[in-house]
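Observations on the model geometry
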Amino acid sequence: MSVVRAGVKYVFRFDEGNAGMVALLGGKGANLAEMKMLGLPVPNGFIISTEACRAYMKEGSKWLDVLWPKIIEHMHYLEHISGKIFGGSENPLLVSVRSGAPVSMPGMMDTILNLGLNDKTVKALADNSKDLRFAYDCYRRFIQMFANVVLDIELDAFEDALHEVKQRLDVTYDYQIPAEELQEMVSKFKGIVKEKVGKPFPQDPWVQLKMAIEAVFKSWNNKRAVTYRKIANIPDDLGTAVTVMEMVFGNLGEDCGTGVLFTRNPSTGEKKLFGEFLINAQGEDVVAGIRTPQPISLLKEVNLELYSELARVAELLEKHFRDMQDIEFTVERGKLYILQTRSGKRTAKAAVKVAADMVNEGIIDEQTAVTRVTPKEIEQLLHRQVDPSVQLCPIANGIAASPGAAVGKVVFDVDEAEERGKKGEPIILVRPETTPEDIHGLSRAVGLLTSRGGQTSHAALVARSLGIPCIVGCEAISIDMIDERFTVGEHVVNKDTVITIDGTSGNIYLGEAPLVEPSLHEKYLHEFLKMADKFARLQVWANSDTPEEARQARELGAKGIGLCRTEHMFREADCLLIMQQVIIAERKEDRVDALDKLVKLQKGDFMEIFKVMSGLPVIVRLLDPPLNEFLPKEHEVTKKLDLLRAEGKGESDEAKKLELLLKRAEALKESNPMLGFRGCRVGVLYPEIYEAQVKAIAEAACELVKQGIDVNVKIMVPLVATGQEMCMLRANIEKVVAETAGFFGMNLHCKIGTMIELPRAAIVADEIAEYADFFSFGTNDLTQTTLGVSRDDAEGRFLAAYVQLGIFMDDPFRTIDRKGVGTLMKIAVEGGRGVKKDLELGICGEHGGDPSSIAFCNSVGLDYVSCSSMRIPVARLSAAHASLGLLN
């Protein structure tokens, strides 16, 4: 059954489209139509829609036969407005056939240039241009590109022939090959085609066109395009449009050229024209990295008038499309043509700066700015850098194309990079240049180094979009792909050698250079995140156990501390010895004496944290781990005891203390400590431990309040499973708080809540809420107890396989298991708020920094998420995106 629908238009002239038709015309076609409408110098052309592509995917080649009369009609339109004839022997029309998906997929699908050339039209092109060399240069390019894209012939055969000619002539660049050699090369290329496919190179331009359009349709499902869509989460059913456009030539001579221009720096976001150009070249030379181009700033010296016109066009397009633009241009005989504009791929750093700057410049509003940056891009700001305080000597320097530093083993083969990268091995992929076919290996590498290409080459573009450090155009290195090594000066770097690349400076170092964690305190990032906060319903708090962590969290925009773990303080050397005295004490009186010492030490820690967080809430969790975690390892104690006995000190006080430790460790030993004597169970059976902690918290708060500091402390009880536990412990906590505050002659209001980290607690949340002011979901333990999975064991054994097999959609310890853990959370929210409408709800597991989990927390009505300090920027933007419906 035909998919042709009556009245449906499948082919559009440029003057029939606009930027709003991107789903139908693809990004390239829609923007070309829009630029035509703006009166910019765009070559004439037409677009075959994405709907036509989808129809082709269903019906195959017969669909193209149905569509063919419309394509012929539009080619005659091009002939009419250009005054040229497609396949003509006097003034031939040549076209480019380009892909263009609704979502930008740079270099992932196919393009054919110079289509329409054959043995007859090449002579007419030479006569009209009065340049034999130019005509045959176009013809050999066309044969090579057509053979690769349409006939599926590997490029190596053509590249080897080209390299052989350049070696024989002792020239470096393609444009240095004279006309007569190019004529010979065309013959040789046609011979390669016949040898590889068993048929001559097609001479009929109409046959060429039909084959090229079909090849572009097919390229939607080529390996690299499918891989890229998977990485970028692009739907598979969009299809690609096909743009057929009159050729303009940048390789006609010294008054011609081609280039790529960004309206702002795609690495830093700086408002300055950024790009590259080549004199006497076609666009593929820049993008493919075949020649190392010149920076666009040098165009001022070459042709100031042309530079000024480009600057005017760049400003117009950026303001019109309200985003940083990536513009492809060609200059033919001094005349500028714009071949493409699209929103430019940029690094995370640039994305944030451009968004913030465009708000300040009045180009976009704050909500638009917030939608322009993804949580994943904020994560990329967490890239490490080479330690600037260490003196290092680079072995080479290239063009810094994508920031951040990467350490890994050198690998030259993209398939090997993919295979080893999948296993978690850090790989630096080293290539002369990359092609779109390399995406599967690129996406698994931690860094990329090429010897050719510039900042707008394929390698640079894809590395920036993947967020991996990249250096391109490092001409100092000589790569031997056969023996898998590269040389630079006296250094020979073999496969598997560890190197460090710095995509910020362009430096390459032998070995593992010392790296430092990134700084997240740049002014533009804070400005941007303040905008994001305006659209977020969820607040972002932090998991912080020390004053230093609290200070960092506040600087990064945390609105409170959702989890302050008191046991971390116990692990300090002074506290640990006292805690061990508490554990080995056989009488309550002895435990209380030791606990009094702990109160003084803990109080100081609490005071520092409360002071840092003045005016913001701090939730302190009472002791959670099993007591045996604070005892030394049994084998260590036994070893010390044996040494004392060997020295005749078996009856010493030290030996007796060690014996007591061993005895207590044996008594506390459990088969499954995670589900054993821990959390509130310790507080129930040894109330003096929790009472001492509460006393330290209350004393710290009262002393600071007396100093005029605004303290907002809340106390959280861990591992509650029943309402009775919460009732009993709340009464004890309130009693200690009241007694301590009374000693200071004041009232101290302190909210008391619990962690929901057991399935039973979620199910009986209504019962627990009677005695709780807030719930905080401890999703790390809730995930373990819901799935019956020990995280430490699962991660090393079967968890990755379960994700790969699709048993788990995601790692449940990274992203909330919505059907299991998520359902329990919903039950708890409904049960808790059914009893107390104003019950505060939050999350303090590691999921609090995961964008998908944050979206879920937003959907079930939590008030805040709490995460580690370094995840705060990601969480803040995720909360805004969740409120705006961009995350679900």
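Report follows, based on the coordinates. (Residues numbered from 1 in each chain as written. Predicted model: local features only at pLDDT ≥ 70, side-chain atom pairs only at ≥ 80, totals over all residues. Heavy atoms only, no water.)

**Description of the pattern of salt bridges**
To keep it simple, the criterion reads: In what follows, salt bridge is the name for a side-chain nitrogen of Lys or Arg lying within 4 Å of a carboxyl oxygen of Asp or Glu. By definition, any uninterrupted DSSP run of H or I lasting at least four residues is a helix, any uninterrupted run of E lasting at least two residues is a strand, and each is numbered from the N terminus. Three exposure classes are used, based on accessible area relative to the maximum for each residue type with a 1.4 Å probe and protein chains only: buried under 20%, partly exposed in between, and exposed over 50%.
For the structure on display, the rule yields 53 salt bridges. Between Asp-137 and Arg-133 there is a salt bridge, and its shortest N-O distance comes to 3.9 Å. Of this pair, Asp-137 and Arg-133 are both found in helix α5 (residues 132-149), 4 residues apart, which corresponds to roughly one turn of the helix. Each member of the pair Asp-137 and Arg-133 is classed as buried. Across the pair Arg-833 and Asp-863 runs a salt bridge, and its minimum N-O distance is 2.9 Å. One end of the pair, Arg-833, is in helix α34 (residues 818-835); the other, Asp-863, is in the loop between α35 (851-859) and β31 (864-867), with 30 residues separating them in the sequence. Judged by its relative accessible area of 22%, Arg-833 is partly exposed. Three or more residues joined by partner-sharing salt bridges are found here, namely Lys-409, Glu-416, Arg-420, Glu-425, Glu-484, Lys-495 and Asp-496.

**Here we look at the packing of α5 against helix α7 (residues 179-197)**
Note the following rule: Every angle, taken between N-to-C directions, lies between 0 and 180 degrees, and every axis is a line fitted to C-alpha atoms, over only the stretch in contact when it is a helix. The cut-offs work like this: below 35 degrees is roughly parallel, past 145 is roughly antiparallel, 65 to 115 is roughly perpendicular, and the gaps in between are oblique. A clockwise turn of the near helix away from the far one marks a right-handed crossing, whereas an anticlockwise turn of less than a right angle marks a left-handed crossing. By definition in these notes, contact holds between two residues if any of their heavy atoms fall within 4.5 Å. Think of it as three bins: nonpolar holds Ala, Val, Leu, Ile, Met, Phe, Trp, Tyr, Cys and Pro, charged holds Asp, Glu, Lys and Arg, and polar takes everything else, Gly as well.
For the pair α5 and α7, the least separation of the axes is 9 Å and the interaxial angle reads 20°. Comparing the axis directions of α5 and α7 gives the class roughly parallel. Handedness of the α5/α7 crossing: left-handed. For the pair α5 and α7, the contacting residues are Leu-132, Arg-133, Tyr-136, Asp-137, Tyr-139, Arg-140, Ile-143, Gln-144 and Ala-147 in the first and Ala-179, Leu-182, Gln-183, Met-185, Val-186, Phe-189, Lys-190 and Val-193 in the second. Across the contact of α5 with α7, the residue classes break down as 11 nonpolar, 2 polar and 4 charged.

**What to know about a nonpolar patch on the surface**
Just so we agree on the cut-off: Patch construction takes residues with relative accessible area above 30% that form no salt bridge. Like charges are linked within 9 Å, and nonpolar side chains (Val, Leu, Ile, Met, Phe, Trp, Tyr) are linked within 5 Å. For every accessible area listed, the method is Shrake-Rupley and the probe measures 1.4 Å; residues are considered covered only by the protein chains on display.
A contiguous nonpolar patch, built from Tyr-802, Leu-805 and Ile-807 and spanning about 310 Å² of accessible area, is present on the exposed surface. For Ile-807, a relative accessible area of 49% puts it in the partly exposed group.

**Quick word on the environment of Asn-118**
Just so we agree on the cut-off: By the criterion applied in these results, polar contacts are pairs of N or O atoms within 3.5 Å in which, for protein atoms, one can donate a hydrogen and the other can accept it, and in which residues neighboring in sequence qualify only through two side-chain atoms.
Positionally, Asn-118 belongs in the loop between β4 (111-115) and α4 (121-129). Measuring from C-alpha to C-alpha, the distance between Asn-118 and Tyr-139 comes to 7.4 Å, with 21 residues separating the pair along the chain. What Asn-118 contacts, discounting residues up to four positions off in sequence, is Tyr-139, Gln-203, Pro-205 and Gln-208. Here Lys-120 takes part through its backbone nitrogen, which lies 2.9 Å from a polar atom of the side chain of Asn-118. Within polar-contact distance, the side chain of Asn-118 engages the backbone nitrogen of Thr-121 at 2.6 Å.

**Brief notes about the packing of aromatic side chains**
Stated precisely, the cut-off is as follows: Under the pairing criterion, centres of Phe, Tyr and Trp rings, with the six-membered ring standing for Trp, must be within 6.5 Å; the plane angle then separates stacked pairs below 30 degrees from edge-to-face pairs above 60, leaving the rest tilted. When the NZ atom of lysine or the CZ atom of arginine is within 6 Å of a ring's centre and also within 35 degrees of its normal, the charge is said to sit over that ring.
A complete count under the given rule lists 16 aromatic pairs for this structure. Linked through ring pairs, Trp-68, Phe-86 and Trp-206 together constitute an aromatic cluster. The lysine or arginine in question, Lys-9, covers the ring of Phe-12, its NZ or CZ lying 5.3 Å from the ring centre. Directly above the aromatic system of Trp-220 lies the positively charged group of Arg-229, at a separation of 3.9 Å from the ring centroid.

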